[in-house]
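Architecture at a glance
Each chain is listed here by its residues.
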Amino acid sequence: MGNKKVLIAYGTRYGSTEEISQEIAKTLGEKSLEPELFNLGKSKSKNWPQLDDFDGVIIGTSLKINAWKKEVKSFLDKNKIDFKNENKKLGVFTCGAYAIGEPTEAKEDIAKRLMKKYGLEADIYNAFGGILDFSEDSKIGKLGQLALKAAALGLSNEKGLEIDKNGCNDFRDWDKIRSFAESFADKL
Ligand SMILES: Cc1cc2nc3c(=O)[nH]c(=O)nc-3n(C[C@H](O)[C@H](O)[C@H](O)COP(=O)(O)O)c2cc1C
């Protein structure tokens, strides 16, 4: 019997969710699983992978104005019957500003959305902090920076976080990300 296969299907805008997905793939590989990465936003839905081949699926999305990426929502909707199959393990993670610091609410929001919109319960889910990039080279553009700066100010007051208002703030917690991947591997 070959190694168990895991699809990591994700939606990203500026690449931080993609890098998280790559780290998850690396960790799963170290656990003798066979990960396959797929950026849902890069191809039409008719070319998305079929799930039959996979023992587990991890879905990742970044957040913008409190919304999941639309291709991720379509993917969940398209495959919800498969995800109800007990034999196929489902992991879900989000990447965003609101998970920085104390992520309990952002984490519970995942479970609520999955149940409300798709009638799904994930085997494992977690919310990871993302990148708040206010540097000159930022990909989010001036308008995005303005919107995010207001949110960042709220976050720094609420959670006592230090945020560099002119630099790139990377709040991704790689230990937490790797431990998520390890826990998923243990479920397979
Ligand atoms: C305009 C804008 C709106 C955002 N809105 C949210 C939000 O509502 N909730 C949140 O947690 N993060 C929000 N973020 C933060 C992003 O989720 C974070 O930058 C993340 O790292 C982006 O991931 P990506 O590079 O994979 O797209 C927002 C970022 C921008 C630029």
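See the structure printed just above.
Counting buried positions along strand β3 (residues 56-64) gives seven out of nine residues, so the element sits mostly inside the fold. Sheet topology note: the strand β1 (residues 5-11)/β3 ladder contains six bridges and is parallel. Across the sheet, Y10 pairs through a bridge with G60, a residue of β3. With seven bridges joining them, β3 and strand β5 (residues 89-96) adopt parallel strand pairing. Bridging across to β5, G56 finds its partner in K89.

Attention now goes to the nonpolar core. Of all hydrophobic cores here, the largest spans 24 residues; its most connected members are L7, I59, F75, L76, F83 and L114. The element best represented in this core is helix α4 (residues 104-118), accounting for four residues. Ignoring sequence-local partners within four residues, the contact set of F83 consists of L51, V57, I59, F75, L76, L90 and L120. Counting 17 residues, the second largest nonpolar core, distinct from the first, contains V6, L33, C95 and I177.

Here we come to the packing of helix α1 (residues 16-30) against helix α6 (residues 174-187). Two elements in contact, α1 and α6, have axes separated by 9 Å at closest approach and are oriented at 50°. One way to sum up the angle between α1 and α6 is to call them oblique. The two elements α1 and α6 cross, and the hand of that crossing is right-handed. For the pair α1 and α6, the contacting residues are E19, I20, E23, I24, T27 and L28 in the first and W174, I177, R178, F180, A181, E182, F184 and A185 in the second. Class assignment of the residues belonging to the contact of α1 with α6 gives a composition of nine nonpolar, one polar and four charged.

Looking now at the pattern of salt bridges. For the structure shown, the criterion picks out nine salt bridges. Note that K31 is salt-bridged to D186, the shortest N-O span being 3.1 Å. In this pair, K31 sits in the loop between α1 and β2 (34-39) while D186 sits in helix α6, placing the two residues 155 residues apart along the sequence. Residue class for K31 comes out partly exposed when judged on its relative accessible area of 36%. Under the relative-accessibility criterion, D186 is labelled exposed at 56%. The salt bridge involving D175 is made with R178; its shortest N-O contact spans 3.2 Å.

About the cut-offs
Residue positions are counted from 1 within each chain, in the order its sequence is given. Side-chain atom pairs in this predicted model are given and counted only at pLDDT of 80 or more, local residue features only at pLDDT of at least 70, and totals for whole chains, interfaces and linings cover all residues. Side-chain metrics rest on all non-hydrogen atoms present in the structure, leaving aside hydrogens and water. A 1.4 Å probe rolled over the protein chains alone gives each residue an accessible area, and that area as a share of the maximum for its type sets the label: buried under 20%, exposed over 50%, partly exposed in between. Strands here are runs of E lasting at least two residues and helices are runs of H or I lasting at least four, both read from the DSSP assignment and numbered beginning at the N terminus. A pair of strands counts as paired when DSSP detects no fewer than two bridges linking them. Note on terminology: a nonpolar core comprises buried Ala, Val, Leu, Ile, Met, Phe, Trp, Tyr and Cys residues joined through side-chain atoms within 4.5 Å. Any pair of residues with heavy atoms lying within 4.5 Å of one another is described as a contacting pair. The axes are straight lines fitted to the C-alpha atoms, using for helices just the contacting stretch, and the angles between their N-to-C directions are given from 0 to 180°. Angle categories are assigned with fixed cut-offs, so that under 35 degrees is roughly parallel, over 145 is roughly antiparallel, 65 to 115 is roughly perpendicular, and the rest are oblique. The handedness criterion is simple: a crossing whose near helix is rotated anticlockwise from the far helix by less than a right angle is left-handed, and one whose near helix is rotated clockwise is right-handed. Charged residues are taken to be Asp, Glu, Lys and Arg, nonpolar residues to be Ala, Val, Leu, Ile, Met, Phe, Trp, Tyr, Cys and Pro, and polar residues to be all remaining types, Gly included. Each salt bridge in this description consists of a side-chain nitrogen of Lys or Arg and a carboxyl oxygen of Asp or Glu lying within 4 Å of one another.

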